[in-house]
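Residues per chain are reported as follows:
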Amino acid sequence: MIVVVNEKRVEVDERITVAALLESLGYPDRGVAVAMDDAVLPRSGWATKLFDGARLEVVTAVQGG
């Protein structure tokens, strides 16, 4: 199935969760925020299985000034 992550189409397994997708894409364990279909997804919701056509926005915290 296809999901969209930060405007890029990604083919994933039908059983993949948000957490597994983030890990497979190399996102760090901390400092990450996720919105799915325009709603912020708390970390407790990262066990949610994705569905075909899901749209995710993933942002990471950066340090600097």
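Since this is a predicted model, take the numbers as computed values, not measurements.

(A) Looking closely at the sheet that holds strand β4 (residues 39-41). Read from one edge of the open sheet, five strands run β2-β1-β5-β3-β4, paired in mixed fashion. For this open sheet the edge positions go to β2 (8-11) and β4, each flanked by a neighbour on one side alone. With strand direction ignored, the average angle separating the axes of adjacent strands in the sheet is 35°. One ladder, built from five bridges, connects strand β3 (residues 32-36) with strand β5 (residues 55-60); its direction is antiparallel. The residue of β5 that forms the bridge with V34 is V58.

(B) Just the nonpolar core, in detail. Counting 17 residues, the largest nonpolar core has V3, V18, L21, V34 and L50 as its most contacted members. Listed by contribution, the elements that provide at least two residues to this core are β1 (2-5), α1 (18-24), β3 and β5. Beyond its immediate stretch of four places on either side in the chain, V34 contacts V18, L22, A39, V40, L41, W46, L56, E57 and V58.

(C) How the structure looks around the pairing of β2. Two elements, β1 and β2, share four bridges in a ladder whose sense is antiparallel. Residue pairing across strands places V4 opposite R9, the latter belonging to β2. From the end of β1 to the start of β2, which pair antiparallel, there are two residues, and N6 there has a positive phi angle of about 50°.

What counts and what doesn't
Residues numbered from 1 in each chain as written. Predicted model: local features only at pLDDT ≥ 70, side-chain atom pairs only at ≥ 80, totals over all residues. Heavy atoms only, no water. Pairing = 2+ DSSP bridges. Helix = DSSP H or I, 4+ residues; strand = E, 2+ residues; numbered from the N terminus. Axes fitted to C-alpha atoms, helices over the stretch in contact; angles between N-to-C directions. Core = buried A, V, L, I, M, F, W, Y, C linked by side-chain atoms within 4.5 Å. Buried < 20%, exposed > 50% of the residue type's maximum accessible area, 1.4 Å probe, protein only. Contact = heavy atoms within 4.5 Å.

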